[in-house]
Amino acid sequence: MLCASPRVLRIVGTIHCRFVSRYLGQPTSHTHPHLVQPGEVTSGVRQEEFHRRRSQLMSAVTTHHGNRGNRHVVIVVSSPVKFMAVDVPYPFRQDPNFLYLSGFKEPNSVLVLESCPGTSPANHRATLLVPERNPDRELWDGPRSGTDGALTLTGVDKTLNIDDLGSFLAQFRSPDC
């Protein structure tokens, strides 16, 4: 859980110590209470719904490929920022599959879903790899969630820095969970 910290940009309303009280890379109940209610990742969709969607996907993968003692891994990549000129980006639009499974609206992120042999697909592990916060870039691009904000916002099991993607994926070479 995250509470107010020295990095808080602005405290909006009462802090209940359940959600990040600083600006993230997308609307939250603290920054846009008229759009997003507490516990929602995006407008009208709660963390539990995204977990259910990921569980349904992992159930479909397990059913299609069989659960013969194999570990199943699904990697979903977010959209990158696209530029119309050197420093002029197009308005960002998230990949719909990534958004449907995570609710995370920031670019250059990866969602990794993993199911282990002998466990229910509902017990999958979800890891979100996101870019690290950079105050200099945030002046130009707007606020970013970082690993701590993304974990609290989306409710995934673990968040890592996107720079760790290669070493994180290397663990899936072995069949053990």
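This text follows the structure it describes.
Now for a description of the structure that goes with this document. (Residues numbered from 1 in each chain as written. Predicted model: local features only at pLDDT ≥ 70, side-chain atom pairs only at ≥ 80, totals over all residues. Heavy atoms only, no water.)

## A look at the pattern of salt bridges
Then, in step 1: Counted by the stated rule, this structure contains seven salt bridges.
Then, in step 2: Across the salt bridge formed by glutamate 49 and arginine 53, the nearest N and O atoms sit 3.1 Å from each other. One end of the pair is glutamate 49 and the other is arginine 53, both in helix 1 (residues 47-65) and four residues apart, which spans about a single turn.
Then, in step 3: The shortest N-O distance in the salt bridge between arginine 125 and glutamate 114 comes to 3.0 Å. Here arginine 125 is found in strand 7 (residues 125-130), whereas its partner glutamate 114 is found in strand 6 (residues 110-115), with 11 residues between them in sequence.
Then, in step 4: For arginine 125, a relative accessible area of 36% puts it in the partly exposed group. (Salt bridge = Lys/Arg side-chain N within 4 Å of Asp/Glu carboxyl O. Helix = DSSP H or I, 4+ residues; strand = E, 2+ residues; numbered from the N terminus. Buried < 20%, exposed > 50% of the residue type's maximum accessible area, 1.4 Å probe, protein only.)

## A short note on the sheet that holds strand 7
Then, in step 1: The strand order 3-6-7-8 describes an open sheet built from four strands, whose pairing is mixed. Strand pairing shows two members of the sheet lacking a second neighbour, strand 3 (72-77) and strand 8 (158-161), which therefore form its edges. The mean inter-strand angle of the sheet, taken between neighbouring strand axes irrespective of direction, is 20°.
Then, in step 2: Of the pairings in the sheet, the one linking strand 6 to strand 7 comprises five bridges and is antiparallel in character. Following the sheet pairing, leucine 113 is matched in strand 7 by alanine 126.
Then, in step 3: In this fold helix 4 (residues 146-154) packs onto strand 7 and strand 8, with an angle of close to 155° to the strand it touches most, strand 8. (Pairing = 2+ DSSP bridges. Axes fitted to C-alpha atoms, helices over the stretch in contact; angles between N-to-C directions. Contact = heavy atoms within 4.5 Å.)

## Description of the packing of aromatic side chains
Then, in step 1: With the rule as written, the count across this model stands at one aromatic pair.
Then, in step 2: When the ring of phenylalanine 168 is compared with that of phenylalanine 172, the centres are 5.4 Å apart and the planes differ by 90°; the resulting orientation is edge-to-face.
Then, in step 3: Residue classification places phenylalanine 172 among the buried residues on the basis of a relative accessible area of 17%.
Then, in step 4: The side chain of arginine 53 reaches across the aromatic face of phenylalanine 50, ending 5.1 Å from its centre. (Phe/Tyr/Trp six-rings, centres within 6.5 Å; stacked < 30°, edge-to-face > 60°. Lys NZ or Arg CZ within 6 Å of the ring centre and 35° of its normal.)

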